[in-house]
Amino acid sequence: MSVADYFEGCEFHTARLRVSHISKLLNQNRSTLEDLLAHAALNLLTPKVTHSLPPEFQSVQCEHSARAWARKMMKESHVLVIQGTVTQEIIGFIFLSQYDDAGLQKAHVGYLLGEGYWGQGYASECLAGLIAWCQEAKIVSALVAGVETENFQSVRLLQKHGFDEVATDAPAGVLFFERVLTS
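Keep in mind the model is a prediction, meaning the values are calculated, not measured.

(A) Highlighting helix H7 (residues 152-160). Listing the buried residues of H7 in full gives Ser154, Val155, Leu157 and Leu158. Looking down the long axis of H7, one finds its buried residues gathered within 165° of arc, a one-sided arrangement. Along H7, exposed side chains directed more than 90 degrees from the buried face belong to Gln153 and Lys160. Looking at the packing, one finds that the buried side of H7 touches strand S5 (104-113), helix H6 (122-137), strand S6 (142-148) and strand S8 (174-180). Once H7 ends, the next one or two residues include glycine 162, with phi positive near 85°.

Pasting the structure below:
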């Protein structure tokens, strides 16, 4: 089974959350998944949420731009949907993109939560669950995350979960962190 196939099968639960690949939400066609993702994006991608994110996240302003964003995200990454276990409401996303680094399979991870869910430990719970799932699946040797230097909460979150800053030729104002999963 390929790394991509494993990510498409990704699903894990934490005390308060269900995190799963978007394809697990509906046994529908790709268009229906894009609609679901676009609708959730319109609700979650507020200016405060997207402030530290790449420009394509900030362009989601209407249904048309949300659909374009959804198509792009589904094409470029594995989209995991974060839902509350009680309400099943989508409260955020995790984006995973696998790549080969000198023969090692790694995954770039990005994440976001709607601003109404900040400060409640959901991001920490999600990241711990993702790390545990990746360690059990044994499909990638490391997770890599980029974060703006000014995003102190994300920097602390990554460090709390064993991510170490790595030297890269990243653009000014961006730090990269790596969490080794295998020895």
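(B) Structural detail: the pairing of strand S3 (residues 78-84). Burial runs high along S3: seven of the seven residues are buried. Residues His78, Leu80, Ile82 and Gly84 of S3 are buried on one face, and the alternating residues Val79, Val81 and Gln83, pointing to the opposite face, are buried as well. Where S3 and strand S4 (residues 90-101) come together, six bridges link them in antiparallel fashion. Note on S4: the bridge partner recorded for histidine 78 is leucine 96. The turn joining S3 and S4, which pair antiparallel and follow one another in sequence, is formed by five residues; a positive phi near 65° is taken by glutamine 88.

(C) Spotlight on the pattern of salt bridges. Evaluated as defined, the whole model comprises seven salt bridges. A salt bridge links arginine 67 to glutamate 63, with the nearest nitrogen and oxygen atoms 2.8 Å apart. Linking arginine 67 with glutamate 63, this pair stays in helix H5 (residues 63-76), spanning four residues, or about one helical turn. If you follow the salt bridges from partner to partner, you end up with Asp35, Glu63 and Arg67 in one network.

(D) Expanded view of the packing of aromatic side chains. Inspection of the entire model under this criterion finds seven aromatic pairs. Ring geometry for tyrosine 117 against tyrosine 122: centres 6.2 Å apart, planes inclined by 70°, an arrangement best described as edge-to-face. Residues tyrosine 117 and tyrosine 122 agree in their burial class; the two are buried. Among the aromatic residues, ring-to-ring pairing joins Phe57, Trp69, Phe93 and Phe95 into one connected group.

(E) Highlighting the side chain of threonine 50. For threonine 50, the location among the structural elements is in helix H3 (residues 47-50). By relative accessible area, threonine 50 is classed as buried at 5%. Not counting residues up to four positions away in its chain, the partners in contact with threonine 50 are Leu45, Phe57 and Gln58.

What counts as what
- Residues numbered from 1 in each chain as written.
- Predicted model: local features only at pLDDT ≥ 70, side-chain atom pairs only at ≥ 80, totals over all residues.
- Heavy atoms only, no water.
- Buried < 20%, exposed > 50% of the residue type's maximum accessible area, 1.4 Å probe, protein only.
- Helix = DSSP H or I, 4+ residues; strand = E, 2+ residues; numbered from the N terminus.
- Arc of directions from axis to C-beta.
- Contact = heavy atoms within 4.5 Å.
- Pairing = 2+ DSSP bridges.
- Salt bridge = Lys/Arg side-chain N within 4 Å of Asp/Glu carboxyl O.
- Phe/Tyr/Trp six-rings, centres within 6.5 Å; stacked < 30°, edge-to-face > 60°.

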